[in-house]
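# Structural characterization, general
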Amino acid sequence: MPPFNNHLGFVVEEWREKHIKMSAELKPEHLNRSDIPHGGFISALLDATTALSGAYSDDPIEYRKALTLSLNISFLGQAQSNTLYAVGKVTASGRNIYYASAEVFDSFDNLIASGQGVFRYRKNTSNEGVL
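Now for a description of the structure that goes with this document. (Residues numbered from 1 in each chain as written. Predicted model: local features only at pLDDT ≥ 70, side-chain atom pairs only at ≥ 80, totals over all residues. Heavy atoms only, no water.)

Turning our attention to helix α2 (residues 39–53). If you check α2, its first and last C-alpha atoms are 21 Å apart, about what 15 residues at 1.5 Å a residue would give, namely 21 Å. The element α2 is extensively covered by neighbouring structure, given that 12 of its 15 residues are classed as buried. Within the span of α2, buried status applies to F41, I42, S43, A44, L45, L46, A48, T49, T50, A51, L52 and S53. (Helix = DSSP H or I, 4+ residues; strand = E, 2+ residues; numbered from the N terminus. Expected span 1.5 Å × (residues − 1). Buried < 20%, exposed > 50% of the residue type's maximum accessible area, 1.4 Å probe, protein only.)

As structure tokens, then:
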């Protein structure tokens, strides 16, 4: 996991080719003035989930890296729990570019947000940083 994702408390629950499930426990610093998850926190979770859905590798040393080219987010509801999870999948891919989508839910399976992104694979010249 990238250090930023670790800092935010994102946890990979499932990860396989073209699919990922991540979760996060909400802390006070993840909330806005209304005591609900900050949109930036949800956006970061969607970015990580969509990007990593296309970056799976069985090799922990020669893992895939990608850059976000575009990310569209729709906020659809408010979380009713202190745990969020996101499920992402690759929707189309080519040699250098892939497309992915993800949805964020609370622990009651209420849909909180959805996102779609476009990503570009990076060359693995060095594995400093993950994405």
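This part takes up the sheet that holds strand β3 (residues 65–75). Spatially, 6 strands are ordered β1-β2-β4-β5-β6-β3 in an open sheet, and the strand pairing comes out antiparallel. Of all the strands in the sheet, the pair left with one neighbour each is β1 (11–16) and β3. Averaged over neighbouring strand pairs, the angle between their axes works out to 20° when direction is ignored. Sheet topology places strand β2 (residues 19–25) next to strand β4 (residues 83–93); 7 bridges connect them, and they run antiparallel. Pairing of K21 across the sheet is with V87, part of β4. Its contacts with the sheet place α2 against β1, β2, β3, β4, β5 (97–106) and β6 (111–122), and it is angled at close to 135° to β5. (Pairing = 2+ DSSP bridges. Axes fitted to C-alpha atoms, helices over the stretch in contact; angles between N-to-C directions. Contact = heavy atoms within 4.5 Å.)

Below, the discussion takes up the environment of A102. Here A102 lies in strand β5. For the pair A102 and V90, spaced 12 residues apart in sequence, the C-alpha to C-alpha distance is 8.9 Å. The residues contacting A102, other than those within four sequence positions of it, are L46, T49, T50, V87, G88, A113, S114 and G115.

What follows concerns the side chain of H19. Summarising the element assignment, H19 is placed in strand β2. Judged by its relative accessible area of 14%, H19 falls in the buried class. Leave out the neighbours within four places in its chain, and H19 touches E14, S53, V87, G88 and K89.

Relative to the helices and strands, T50 is located in helix α2. Residue contacts for T50: discarding those within four places in its chain leaves L71, Y98, A100, S101, A102, G115 and F119.

For the rest of this paragraph, the subject is a positive patch on the surface. Residues R95, R120, R122 and K123 make up a contiguous surface patch of positive charge. Position of K123 relative to the elements: it lies in the segment after β6. (Patch = residues over 30% accessible without salt bridge, like charges linked within 9 Å, V, L, I, M, F, W, Y side chains within 5 Å. Areas by Shrake-Rupley, 256 points an atom, 1.4 Å probe, with all protein chains shown as cover. Salt bridge = Lys/Arg side-chain N within 4 Å of Asp/Glu carboxyl O. Lys, Arg positive; Asp, Glu negative; His and termini not counted. Charge placed at Lys NZ, Arg CZ, Asp CG, Glu CD.)

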